[in-house]
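Structural description and commentary
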Amino acid sequence: MSSLSANMKARIAVVLVPILFGLFSVIIGQDDNWDLRNYHVYNVYALLNDRIGYDLAPARFQTFFNPTIDLLYYGLNLALSPVSAGFVMGVLHGLNFVLLLAIGRQLAGPEGGGRWPLLLALAGVLGPGFRGELGNTMGDNLTALLVLGALYVLLLRWEALAARGGRALMAAVLAGLLMGLGAGLKLTNALYAIALCLACLGLPLAWPRRLGVALLFGIGVLAGMAVTGGWWFLKMWQLFGNPTFPQFNDIFHSPWALENGVIDTYFRPKNWLEYLQWPFIFGVNWRRVTEVAHQLGMWPVLYVLFGVAALAALWRRARGAAQAVLDPRACFFLLFFGLAYLVWMRVFSIYRYLIALELLAPLAIWLLWRSIAVTPKAARRLAGVTLAVLLVCAVPTPKWGNAAWGERNFSATVPAFVQPEQSVVFIAQPDPPLSWLTTMFQPQLKFIGVDMGFPESDAWRTRMRRAVAERSGQHYVLLSAVKDEKLDSLQNKRVAAEWLGWTKDASGCARLEWLGRHVRLQADIRHLPGGACTLELLAQHRNIDLETPNRAIADAAAAHLARHGIALDVASCRAHPAAVGSRTYMYQLCRATPDAGWR
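Residues numbered from 1 in each chain as written. Predicted model: local features only at pLDDT ≥ 70, side-chain atom pairs only at ≥ 80, totals over all residues. Heavy atoms only, no water.

1. Thoughts on the overall build of the chain
- Helices and strands together make up the secondary structure of the chain, namely 22 helices and 11 strands.
- Compactness check: the chain gives a C-alpha radius of gyration of 27 Å against a globular reference of 25 Å for 599 residues, within 12% of the reference.
- Dimensions along the principal axes, computed over C-alpha positions, put the chain at roughly 85 × 70 × 45 Å.
- Of the contacts made within the chain by residues no fewer than 6 positions apart, 73% connect residues no fewer than 24 positions apart.
- Across the chain, 53 positive and 37 negative side-chain charges occur, with their mean positions spaced 12 Å apart. (Helix = DSSP H or I, 4+ residues; strand = E, 2+ residues; numbered from the N terminus. Rg over C-alpha atoms; globule rule 2.2 N^0.38 Å. Contact = heavy atoms within 4.5 Å. Lys, Arg positive; Asp, Glu negative; His and termini not counted. Charge placed at Lys NZ, Arg CZ, Asp CG, Glu CD.)

2. A look at unusual backbone geometry
- In this structure, the amide linkage connecting F245 to the following residue, P246, adopts the cis form with an omega of -5°.
- Here P246 is to be found in the loop between α11 (207–240) and α12 (249–252).
- In this model, A57 sits at a positive phi of 55°, which is unusual for a non-glycine residue.
- Following the sequence through the fold, A57 ends up in the loop between α2 (34–48) and α3 (70–79).
- Even without being a glycine, H253 presents a positive backbone phi close to 60°.
- In this structure H253 comes out as partly exposed when scored by relative accessible area, which is 45%. (Buried < 20%, exposed > 50% of the residue type's maximum accessible area, 1.4 Å probe, protein only.)

3. Notes on the state of the cysteines
- All chains considered together, the criterion is met by 2 disulfides.
- Each sulfur in the disulfide pair C509 and C533 lies 2.2 Å from the other. One quick way to see it: the torsion about the S-S bond of C509 and C533 is about -105°, and its sign makes the bridge left-handed. With C509 in helix α21 (residues 506–518) and C533 in strand β8 (residues 533–536), this pair connects stretches of sequence that are 24 residues apart.
- Classification of C509 as buried rests on a relative accessible area of 1%.
- Linked covalently through their sulfurs, C573 and C590 form a disulfide whose S-S length is 2.0 Å. (Disulfide = S-S within 2.5 Å.)

4. Some details on the layout of surface pockets
- When its volume is computed, the largest pocket comes out at roughly 1300 Å³.
- In this structure, the largest pocket is lined by 46 residues; those nearest its centre are F61, F65, T188, Q247 and Y353.
- Among the elements of the structure, α2, α9 (166–185), α10 (190–200), α11 and α15 (328–347) are those that each provide at least two residues to the lining of the largest pocket.
- It is α2 that contributes the most residues to the lining of the largest pocket, 5 residues altogether. (1 Å grid on protein atoms, 1.4 Å probe; cavity = no way out; pocket = protein on both sides within 12 Å on 5 of 7 lines; lining within 4 Å. Points joined across faces, edges and corners; volume = space filled by probe spheres on them.)

5. Considerations on the packing of α10 against α15
- Taken N-terminus to C-terminus, the directions of α10 and α15 make an angle of 140°; their axes are 8 Å apart at the nearest point. One finds that α10 runs oblique with respect to α15. Where α10 crosses over α15, the handedness of that crossing is right-handed. Contact residues: L191, Y192, I194, A195, L196, L198, A199 and C200 in α10; F332, L335, F336, L339, A340, V343 and W344 in α15.
- For the contact of α10 with α15, a count of residues per class yields 15 nonpolar, no polar and no charged. (Axes fitted to C-alpha atoms, helices over the stretch in contact; angles between N-to-C directions. Parallel < 35°, antiparallel > 145°, perpendicular 65-115°, else oblique. Left-handed = near helix turned anticlockwise from the far one by under 90°. Nonpolar A, V, L, I, M, F, W, Y, C, P; charged D, E, K, R; others polar.)

6. Examining the pattern of salt bridges
- Inspection of the entire model under this criterion finds 11 salt bridges.
- Close ionic contact of R37 with D32 constitutes a salt bridge, the shortest N to O distance being 3.0 Å. D32 matches R37 in its accessibility class, with the two residues each being buried.
- A salt bridge links R288 to E274, with the shortest nitrogen-to-oxygen separation between them at 2.9 Å. (Salt bridge = Lys/Arg side-chain N within 4 Å of Asp/Glu carboxyl O.)

7. Things to note about the side chain of T534
- For T534, the location among the structural elements is in strand β8.
- Judged by relative accessible area, which is 14%, T534 ranks as buried.
- For T534, the residues in contact, after removing those within four places along its chain, are R494, D524, I525, R526 and L528.

8. Digging into α15
- Over its 20 residues, α15 extends 28 Å from the first C-alpha to the last, a length consistent with the 28 Å expected when each residue adds 1.5 Å.
- Those residues of α15 that sit buried are R329, A330, F332, F333, L334, F336, F337, A340, Y341, V343, W344 and M345. (Expected span 1.5 Å × (residues − 1).)

9. Focus: helix α16 (residues 355–372)
- With 18 residues, α16 should cover 26 Å at 1.5 Å per step; its first-to-last C-alpha distance of 26 Å lies within 8% of that length.
- At A361, α16 shows its strongest bend, of approximately 45°, with the proline P362 following within four residues.
- Within α16, 16 of the 18 residues are buried, which leaves the element mostly enclosed by the surrounding structure. (Bend = angle between axes of the 7 residues up to and from the residue.)

10. Description of a nonpolar patch on the surface
- Taken together, the side chains of M8, I12, V15, L16, I19, L20, L23, F24, I27 and I28 make up a nonpolar region of the molecular surface, amounting to roughly 890 Å² of accessible area.
- By the secondary structure assignment, I19 is in helix α1 (residues 2–28).
- On the basis of relative accessible area, I19 is assigned to the partly exposed category, the value being 36%. (Patch = residues over 30% accessible without salt bridge, like charges linked within 9 Å, V, L, I, M, F, W, Y side chains within 5 Å. Areas by Shrake-Rupley, 256 points an atom, 1.4 Å probe, with all protein chains shown as cover.)

11. A closer look at the environment of T375
- By secondary structure assignment, the location of T375 is in the loop between α16 and α17 (376–393).
- Given the relative accessible area of 38%, T375 is considered partly exposed.
- A polar atom in the side chain of T375 sits 3.1 Å from the backbone nitrogen of A378. (Polar contact = N/O pair within 3.5 Å; in protein donor to acceptor, adjacent residues only side chain to side chain.)

As structure tokens, then:
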């Protein structure tokens, strides 16, 4: 009966948990991360409006990242309201719980029908990296579904892998296909493909069978990458002579970019001593592996547990223990986990790319304690205490950027251009990203990024000059602008007051005034005709000087562009509002004149 109860709880959880994550995504707000504004919005727009190669790197080198994964978010926002789209994204990310539960049941042995797989799955989706990316477009939470799916297929078809025939072939190829789909959508998932392929060489089979499974898995990976990324690799090859343009151009030698790898090595360990201590280093100092605050205490703990488990296994072998503590599937899982970490550390060391492993970390901790502790009961207690402490310590959620919901995901006030088909708009600021704004400008305009991190070769600069020479109209520069930071806070308060119905009539306004007397509302209440009211900025927050900092931004851009032969008319700069959800982003549009070298 208890087993049936546990199964029923699991069935309820696989429905309820993804829905709860959808609701959490709504509560968190509109996705507003840096990458979204840099290329996730622009790349899909460029694909669907035939602008690949028409605009020239307005989103830096990320302009040429495969946009397939971003079609989902784009399509959701076409079909649904922003809030509904955010809910669906959260639900999709929450499906990782379902796969974690399924994997846990495969590895839990006699306890597979008990509560531990459920608890470990819940712990997995409460990790800091996963929570920080909930509902957003970075892609790590979404592609983790395919990584976990590949692992689950191999564990589910474990017995079939040892047999000859079609069942073994299908299991290995299907697992590889799922992994390849994830790697094609986001190339950083190749680290998991490499790790799982190498782990197949550790299967408890004869060596010819191990090699066969690994080979079939690899074939599946290539097939999956061909489905989700092959069309894009082909397009980049046709347009630029490099399927991963501009990355790995030291291999493909496209004339349109400098011959370097364009690989971010900033976060990698600096020497072999750091490699050996790496989990302790980034566990203490999150800045070594990520740009926003994460509490990463689980990784030093895992590192120590792996070491203690290895010593315990050697001790048992030295004493002649005949039976292994963990079954072969658990050993295979831990081998994959360790290999994936090592590949990640050597190639990237960017924490976002480790989220699929973070999801599996509680299960790894549980299995490692099982291999160390004297009794299963002690292992459960030790694992439970360890995970509880780690989850409490990881409570602050990383903040990649969210905004309050608005009627539209993205909006902007765009001035009219007299001859947009004859104009070029230069972008010369790598930060903050501005390419998302270009999707709301007149489509006849051409946007060109200038010295923003794209590896410009001589041929690329010639292409830029040719594009400018073909247009005889007025040219412009797109710049960021400062805003009154109090306005967003005021808008959020207005939305809340209107939702509560406190601005519609005299009684509601009275409640608002009562609140203002008892709480620091940081806003004035202005009464309107008919008994209605609204919130306004406090007097000291009005008429703030924004022209001076905007002029400083324009002056810095003018000095930068002058070195590239573009004269920016600072006096012509005008600020305009834009928004992600309800968060305001001001931008400046300035006139510019390229010198004779551009003609």
